[in-house]
Amino acid sequence: MRGLSVLSTFACAGLAQALSWSATPFNPAAFPLAVKTPYLSTWLPQGAGAALNDAWPTFWTGQITGWAGFVKVDGKAYSFLGAPAVSGATFTKAVQKSTSFTSTQSTFVFSAGPVDLTVSFLSPIEPTDLVKQSIPFSYMTVSAASTDGASHTVQVYSDISAEWASGDNGLTVNWSTDTSNSILTHKVQLANQAAFSEVNDHSQYGSAYYSTPNSVGATYQTGGDATVRAQFINNGKLPNSQDTNFRAINNNWPVFALAHDLGSISSKTTPVIFSVGHVRDPAIRYIVAGGGVQLRSSYFWSQYSSVPTLISAFLGDYNNALSRAQAFDSKVQSDASKISADYAAIVALSIRQSLGSTEITISKNSDGSWNTNDVIVFMKEISSDGNVNTVDVIFPAWPVLLYTNPALGKYLLEGLFRYQASGQYPNKWSVHDLGGSYPNATGHNDGKDEAMPVEESGNMLIMALSYAQKTGDLAHLKTYTALLEQWTSFLVSDSLIPANQISTDDFAGPLANQTNLAIKGIIGIGAMAEIEKLLGNASKAANYSSIATSYVSQWQKYATSSDGKHLTLSYGNSASWGLSYNLFADKLLKLNLFPASIYQMRTSSFIHSSFTHLGTFAETAWYKTVQQPYGVPLDTRHTYTKSDWQIWTAGIVTDTSLRDFFITSVKKWVSDGLSSQPFGDWYETTNGSPQGFRARPVVGGHLGALIL
Ligand SMILES: *[C@@H]1O[C@H](CO)[C@@H](O)[C@H](O)[C@H]1NC(C)=O
Ligand SMILES: *[C@@H]1O[C@H](CO)[C@@H](O)[C@H](O)[C@H]1NC(C)=O
Ligand SMILES: *[C@@H]1O[C@H](CO)[C@@H](O)[C@H](O)[C@H]1NC(C)=O
Ligand SMILES: *[C@@H]1O[C@H](CO)[C@@H](O)[C@H](O)[C@H]1NC(C)=O
Ligand SMILES: *[C@@H]1O[C@H](CO)[C@@H](O)[C@H](O)[C@H]1NC(C)=O
């Protein structure tokens, strides 16, 4: 299965010019291929550039998820997907001519002799249809067109390996092939299932599925990688045979293959459709009142009683799914292009990744029927750790939820509210997350979750109000008023002078009196004033409002550098500064707690730095230290930054060229050829190299400038 893994033919770091194909809108660090849930997350790593048939697709961690594709044209075999070596068979690589991505699709066009091949990966974004959005499947389609006007015979082949079923390739898998209902489906799973467990972030239970319509000329085979691939390369079809020698994933690598004979083609064919998916049931263990655990399932079960009926519906829906995807892509493109083309590209690359960290779940009624009135969305933090519904990860992702369907945000908060309202969480501030290891949302009854007291309390208040403002739905505010008031009281005592603690940027370490963290807490109090107004308690509203206002004026004195030119990173340290991205929430909620002079101060500071960088403005000794080729550092402690916070800052500055500087910096980073990871939100501003995070849902925050 492994064989060649030609990572790149381009020696130097960088840059689109070195690619031998055209890339629209640019060549990203990794292309999303099948990205729908925390466990269906397969990408094509790029670095300086890798064609779809130069490298193996990988899970978001970088571990290979074997996925191969061949096409035969007039009897000659070409690979188009993956990097297989097949002894005993001869093929060449189809030549990749172009790549493109939108919010839902990644598309690769190849030349295979006299035929052009279009290979498209569609991971649907269906935010307002909870059944469809919860389906853990993704499409690959392949179509062919003659380029010389003549007719050519074409056969198309693809397989997946058992690497889709586990994070440990030494474990034994078993498999089966279902040929009923006009569909060919291979199913593969660990022989010893470990419910709710992970190895290397892969699920250790559930099954992977690879399917295609069983149309005329469709064939299948399961067996060792070299055997099965050579069979197709040599014969252009598969023998409809099954290998039942169940064995380890890496023992003569069993693969699950499907092929179509398209016959003689001239004009562009209708696409051959494949679907790949990973299903677990139940999906989540969730703590409920009294210490019990509730097992929750993906929402789609309320409509489909079995995986075969689900796959049949999913494959049958392809044409409509494609139309919906195109409509969604166009809307995003048109909305985001109003800011800039670079911005539209960043947003398009972010949406699948962000929503692909989530799962929509329901519970069962006592009679065993599905309870679709009980919806909770779960989000895996991904890469920074495996926490469930981390509040300060949902918070940066919030803009993608507001943009696509605010109800998804409500359902993400619901699990957090309900758990804390059960009284089992002992701290007076908001919990950090619902459980240390996805998919166990089993809470923190010992109160020893990663403490971010001001950060998470402020985040919960801000998101609760934001959802209510956007939708007019006050249900959470009414049901959980006591919790919201509890967190507000905590902020009243702890946000103006924040104790030594971490913020969401925990990698930067703890610090007392963080200017930006105080902003978060004060906005939280201001948000509660609005919440009390919505709930009809004018006197409480007035109290919180006056506290917030008075804190803002006190904060200004603490937080401004002695020369009055900028905000500090922490009170009293005039030499320090940082991105004050928490002001974004003041704009989002339209509270206007912080005076315009603060934004202008920040704006003029940043204008200095960006223009200094551009070489057109007088330098100051201080801003010299912050101007960097790939953006503005997070703060004075380091030269790294966060893409989400840069975009939030871009959204609140009042100067268009400065806004564009932030946006262009993020685009420069994710297209600079130095990373082969799914969109990393943490990177180095001096040279555009990646830091540790990848594939995180927080890139949903890249929609921040869009939703203000
Ligand atoms: C395959 O493994 C599953 C457990 O994951 C088991 O339920 C099933 O019976 C096994 N199938 C065969 C054919 O051994
Ligand atoms: C979730 O909890 C179950 C039961 O305690 C355990 O077996 C499993 O390993 C846990 N999963 C993770 C990812 O830690
Ligand atoms: C205002 O709210 C604070 C914090 O909850 C509380 O301590 C204080 O008593 C309230 N003041 C009034 C006048 O209600
Ligand atoms: C935090 O700031 C306040 C107000 O300036 C100051 O009184 C306090 O000593 C500071 N705390 C720390 C730990 O620096
Ligand atoms: C507002 O809250 C206060 C304190 O809990 C309570 O005394 C008062 O009755 C409430 N007013 C309204 C209009 O609900």
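None of the values given here were measured: they were computed from a predicted structure.

1. Notes on the site of ligand 4
- In the vicinity of ligand 4, the contacting residues are Ile497, Ala512, Asn513, Tyr558 and Tyr571.
- Here an oxygen atom of ligand 4 sits 2.3 Å away from a polar atom, N or O, in the side chain of Asn513.
- Computed on the free molecule, ligand 4 has an accessible area of 360 Å², of which 38% lies beneath the protein chains in the complex.

2. Observations concerning the packing of helix 7 (residues 406-421) against helix 8 (residues 453-471)
- Interaxial distance between helix 7 and helix 8 falls to 10 Å at its minimum, and their mutual angle equals 140°. Two packed elements cross with a definite hand, and for helix 7 against helix 8 that hand is left-handed. Along its contact with helix 7, which presents Pro406, Ala407, Lys410, Leu413, Leu416 and Phe417, the element helix 8 presents Met460, Met463, Ala464, Tyr467, Lys470 and Thr471.
- Looking at the contact of helix 7 with helix 8, its residues break down into nine nonpolar, one polar and two charged.

3. Some remarks on unusual backbone geometry
- The omega angle of the peptide bond from Thr24 to Pro25 is -5°, so this bond is cis rather than trans.
- With respect to the secondary-structure elements, Pro25 resides in the loop between strand 1 (22-24) and strand 2 (30-37).
- The step from Asp281 to Pro282 runs through a cis peptide bond, and the omega angle for that step is -5°.
- Mapping Pro282 onto the fold places it in the loop between strand 21 (272-279) and strand 22 (284-287).
- Backbone geometry at Ile382 places phi at a positive 65°, although glycine is not the residue there.
- Within the fold, Ile382 resides in the loop between strand 25 (370-379) and helix 6 (391-404).
- For Asn513, which is not glycine, the phi torsion reads 55° and is therefore positive.
- Its place among the elements puts Asn513 in the loop between helix 10 (481-494) and helix 11 (515-535).
- You can call Asn513 partly exposed: its relative accessible area is 21%.

4. Thoughts on the domain arrangement of the protein chain
- On domain assignment, one finds that the protein chain holds domain 1 (31-283) and domain 2 (338-707).
- Here the C-alpha centroids of domain 1 and domain 2 sit 38 Å apart.
- Opposite the 34 residues of domain 1 that make contact, domain 2 presents 29 residues.
- Broken down residue by residue, the surface that domain 1 buries against domain 2 is led by Pro38, Trp60 and Leu130, which jointly contribute 22%.
- The tally of links between domain 1 and domain 2 comes to three salt bridges.

5. Examining the pairing of strand 9 (residues 105-112)
- Counting buried residues along strand 9, seven of its eight residues qualify, which places the element largely inside the surrounding structure.
- Counted between consecutive antiparallel strands, the loop separating strand 8 (residues 95-101) from strand 9 contains three residues.
- The pairing of strand 9 with strand 10 (residues 115-122) spans eight bridges and is classified as antiparallel. By the bridge assignment for strand 10, Val109 is matched with Thr118.
- Counted between consecutive antiparallel strands, the loop separating strand 9 from strand 10 contains two residues, among which Gly113 sits at a positive phi close to 60°.

6. Some thoughts on the sheet that holds strand 18 (residues 218-224)
- Spatially, 7-6-5-12-20-18 is the arrangement adopted by the six strands of the open sheet, whose pairing is mixed. Strands with a single pairing partner mark the edges of an open sheet, and in this sheet they are strand 7 (92-93) and strand 18.
- Relative to strand 20 (residues 254-265), strand 18 runs antiparallel, the two sharing seven bridges. If you follow Ala218 over to strand 20, its bridge partner there is His260.

7. Re the site of ligand 5
- All residues adjacent to ligand 5 are Gly536, Asn537 and Lys540.
- Asn537 places a polar side-chain atom, nitrogen or oxygen, 2.2 Å from an oxygen atom of ligand 5.
- Surface burial for ligand 5 is 32%, taken as the share of its 360 Å² of free accessible area covered by protein chains.

8. Looking at the packing of aromatic side chains
- For the coordinates displayed, the defined rule picks out 39 aromatic pairs.
- Arranged with centres 5.4 Å apart and planes meeting at 70°, the rings of Trp175 and Phe256 form a pair that is edge-to-face. Placement of the pair is Trp175 in strand 13 (residues 172-178) and Phe256 in strand 20, with a sequence separation of 81 residues. Here Trp175 and Phe256 have matching classes, each one buried.
- Looking at Arg285, its charged tip hangs above the ring of Phe196, at a distance of 5.7 Å from the centre.
- The ring centre of Trp370 lies 4.8 Å from the NZ or CZ of Lys364, which sits over that ring.

Basis of the calculations
Residues numbered from 1 in each chain as written. Chains lettered and ligands numbered in written order. Predicted model: local features only at pLDDT ≥ 70, side-chain atom pairs only at ≥ 80, totals over all residues. Heavy atoms only, no water. Near = heavy atom within 4 Å. Polar contact = N/O pair within 3.5 Å; in protein donor to acceptor, adjacent residues only side chain to side chain. Areas by Shrake-Rupley, 256 points an atom, 1.4 Å probe, with all protein chains shown as cover. Axes fitted to C-alpha atoms, helices over the stretch in contact; angles between N-to-C directions. Helix = DSSP H or I, 4+ residues; strand = E, 2+ residues; numbered from the N terminus. Left-handed = near helix turned anticlockwise from the far one by under 90°. Contact = heavy atoms within 4.5 Å. Nonpolar A, V, L, I, M, F, W, Y, C, P; charged D, E, K, R; others polar. Buried < 20%, exposed > 50% of the residue type's maximum accessible area, 1.4 Å probe, protein only. Domains from an automatic or database assignment. Buried area = accessible area lost by both parts, 1.4 Å probe. Salt bridge = Lys/Arg side-chain N within 4 Å of Asp/Glu carboxyl O. Pairing = 2+ DSSP bridges. Phe/Tyr/Trp six-rings, centres within 6.5 Å; stacked < 30°, edge-to-face > 60°. Lys NZ or Arg CZ within 6 Å of the ring centre and 35° of its normal.

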